[in-house]
Structures are given as structure tokens and as C-alpha cells.
Amino acid sequence: MGANMELRFEGMSFSYASVPVLQDVCLELERAQFISIIGPNGVGKSTLIHCINKILSPTAGTVLLDGIDVSEYPQKEIAKHVGYVPYTSSDTFPLTVVDTVLLGRHPHASWRTSDEDLEMVYTTLRQLEIEDLAMRHFNELSAGQHQKVMLARGLVQCPDILLLDEPTSNLDIKHQLGISRLLKHLSREKGIMVIMISHDLNIAARYSDNIIMMHKGGIYAVGTPKEVMTKENIMHVYGVDCDIVDDGGRPHMIMKDDEDLSEPVPQGARCTTILPQDSPTA
């Protein structure tokens, strides 16, 4: 595999017991790029990426990496090429951040940690601006810090494909933009195919090269943000009316709500600031 890898779904379906989640997915993704998967809750976004890294096995059809069915790859071989950053982590062991991130080197590592492994970990922590957390215990961190540490663990795998399940969900606005920008640069500079599930349509539209819009267990639309993020598509898939405006050549969604929100503020409702006596404005 490498920067010119191909990921292909051929008639892929998945069901939990008798409940269908994905149906007849046919999709071909090529080359290093930043792809966002969008769609309402329950349409199969996480299931789709779990069928790439063998967390789940399709109940019909195939997923192919460079023309080879993923079922034929040993799990450790998949881990060398496909990184995964989950929505939340179930890790509760009191490992330090350094040790937690080092787990991402396991598919490539020998029986002991090398200087190269450690250098890669610290470089990645610096990239994500969390080097100061290096010796903190993972189970003592905030949700946002957890998210960044798990992203670091995925990055040190040096994958050809990086799968992320809502990587910005627990981050403030500044860090959402920073992580999205970093992922965009990684796809360019490292030749990685980055595939991110996102519920933030405007972040997806601003940073993605292409967008996969899912609806009712299938692919509804695929293409550039401008092709996919249309007023009509959003109404059909989400049932939400919106305006789409041009933001530097990228679509930006402004949500509409028919409810009249222009009512006066209820009588007596207010917010006040209580300033300490030594405040400069007191």
C-alpha cells in the first residue's frame, strides 16, 4: 500500500442480527485526500468505517484495499496500514499519555520501544499541542484531552488510511479548527487518505476534498463539498431547511427555523455580572 492506495466497496451490506444497517454500498476512493462522511444519526456511518478495519465483517459484498479483500489481511497487517481513532475511548488503565500513544506503534514495534518510537510520539504530541500532558495519566484527562491523545495514538501508526469517528466532538471551536486543519495538512504532506465522520457540516465543507453523504443505510451523494452540500440534499437527508452561501469558494450552511424567535425577552429575565470590589471596572 501507499499514497496511491485504493479503497473500494463492492455491493457491501451489513446487518445486526436481522436488522439491516448498510445495504449494497458501492464506492471507490483513491489517492491521498481528506474525506468527510456526513449524515443523520443511525444511517451507518460508524458501521461503514468499522468494515474497513475489520472491527466488523460485511454480511454481504466486499471491502477491498488495493484490490485485496480486507478479510484476507491478518489483523496486525491491517493495523500497519489503517489507523483508527474512535469516538470515545474505553481505556481506564492509569497509563501515562506517552505510554498510551506508544500503543499506536505496536503494529510496527519490536519487543522493546526504540528511540525512533519515542521521538515519533513526542513529535506528534507537539503537533497536537499536548506535549505538556506527556507524563499525565490518561484516565485523569478531560474529554477533549482524551480526544487529542487518541488522535496522537492513531497518527503514530503512520497509516496509509486514517479513520476518525467524530474527532472534534469534544473540542472547543479553536481546537476543532486546529485539528481539522492538521488533518487536511496530513493528507497532503504525509500522503494519507483521511476519512472522518463528522456532524459539523460546515467544518466538513470547509476542509474536505470530498464528502460522502449517507442516508438510510446507503450512499446518497458523493463529491466535492460544493456538489454534495446543497440546499436540496440537506433538506432530503436531514429534513432541515437552510441557505447555502459561498465562503471563499466553499459552501457554508445557515440553518433556518420556522418558529418565530423574535418574541420579546420575558419580563424580569436578565443576566448580571457581579464584579469583585478590586475589579478595574467595579
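Residues numbered from 1 in each chain as written. Predicted model: local features only at pLDDT ≥ 70, side-chain atom pairs only at ≥ 80, totals over all residues. Heavy atoms only, no water.

Participant: What's the story with the nonpolar core in this structure? I'm lost.
Facilitator: V101, L125, L128, L151, L164 and L183 are the most contacted members of the largest nonpolar core, which has 32 residues in total. Only α3 (97-102), α4 (115-127), α5 (143-155), β7 (161-165), α6 (173-189), β8 (193-197) and α7 (201-207) provide two or more residues apiece to this core. Per-element tally for this core: the top contributor is α5, with five residues. Excluding residues that lie within four positions of it along the chain, L128 makes contacts with K148, L151, A152, L155, I179 and L182. With 31 residues, the next largest nonpolar core counts M5, F14, I37 and V82 among its residues. (Core = buried A, V, L, I, M, F, W, Y, C linked by side-chain atoms within 4.5 Å. Buried < 20%, exposed > 50% of the residue type's maximum accessible area, 1.4 Å probe, protein only. Helix = DSSP H or I, 4+ residues; strand = E, 2+ residues; numbered from the N terminus. Contact = heavy atoms within 4.5 Å.)

Participant: Explain unusual backbone geometry here, please?
Facilitator: For residues other than glycine, phi is negative in most cases, and the peptide bonds are mostly trans. A positive phi is found at D24, a non-glycine position, where the angle reads about 50°. With respect to the element layout, D24 can be found in strand β2 (residues 19-30). Residue E129 is not a glycine yet carries a positive backbone phi of 60°.

Participant: What should I look at first to understand the sheet that holds strand β5 (residues 68-69) in this one?
Facilitator: Within a sheet, each strand pairs with its neighbour through backbone hydrogen bonds, oriented either parallel or antiparallel. Here we have four strands laid out as an open sheet, ordered β2-β1-β4-β5, and antiparallel in their pairing. At either end of the open sheet lies a strand with only one pairing partner, and these are β2 and β5. In terms of strand pairing, strand β1 (residues 6-16) meets strand β4 (residues 60-65) through five bridges, oriented antiparallel. Looking across to β4, one finds that S13 is bridged to A60. (Pairing = 2+ DSSP bridges.)

Participant: Where do I start with the pattern of salt bridges in this structure?
Facilitator: Should the charged atoms of two oppositely charged side chains come close, the side chains can pair. Applying the stated criterion across every chain yields a total of 12 salt bridges. Between K80 and E77 there is a salt bridge, with the nearest N and O atoms lying 3.9 Å from each other. Residue K80 and its partner E77 are both found in helix α2 (residues 75-81); the two are separated by three residues, about one turn of the helix. Salt-bridge contacts for E119 lead to R126; the nearest nitrogen and oxygen are separated by 3.4 Å. For E119, a relative accessible area of 45% corresponds to the partly exposed category. (Salt bridge = Lys/Arg side-chain N within 4 Å of Asp/Glu carboxyl O.)

Participant: Just checking my understanding: could you explain the side chain of T96 for this structure?
Facilitator: With respect to the helices and strands, T96 occurs in the loop between β6 (82-85) and α3. A distance of 3.1 Å separates the side chain of T96 from the backbone nitrogen of D99, its partner in a polar contact. If we skip the residues at most four places from it in the chain, T96 touches A134, M135, R136 and H137. (Polar contact = N/O pair within 3.5 Å; in protein donor to acceptor, adjacent residues only side chain to side chain.)

Participant: I tried to follow the side chain of K148 on my own but got confused; where do I start?
Facilitator: Among the structural elements, K148 can be located in helix α5. An unpaired buried charge is present at K148: no salt bridge exists, and E129, the closest side chain of opposite charge, is 4.7 Å distant. Side-chain polar atoms of K148 contact the backbone oxygen of L128, separated by 3.1 Å. Setting aside its immediate chain neighbours within four residues, K148 contacts L128, I130, L171, H175 and I179. (Lys, Arg positive; Asp, Glu negative; His and termini not counted.)

Participant: What am I meant to see in the confidence of the model for the protein chain here?
Facilitator: Low pLDDT means the predicted coordinates in that region are not meant to be read closely. Across the protein chain, the average pLDDT comes to 89, with 93% of residues at or above 70. At the level of individual helices and strands, the protein chain shows its lowest average pLDDT in α2, which scores 86, and its highest in strand β3 (residues 34-38), which scores 98. (pLDDT = per-residue confidence, 0-100.)

Participant: Looking at this model, I keep getting lost on the layout of surface pockets. Mind explaining?
Facilitator: Summary: where empty space remains is shown by rolling a probe the size of a single water molecule over the atoms. Looking at the largest pocket, its volume works out to about 340 Å³. Secondary-structure elements contributing two or more residues to the lining of the largest pocket are α2, β6 and α5. No other element matches α2, which puts four residues into the lining of the largest pocket. Taken together, the residues of the lining of the largest pocket break down into nine nonpolar, seven polar and two charged. (1 Å grid on protein atoms, 1.4 Å probe; cavity = no way out; pocket = protein on both sides within 12 Å on 5 of 7 lines; lining within 4 Å. Points joined across faces, edges and corners; volume = space filled by probe spheres on them. Nonpolar A, V, L, I, M, F, W, Y, C, P; charged D, E, K, R; others polar.)

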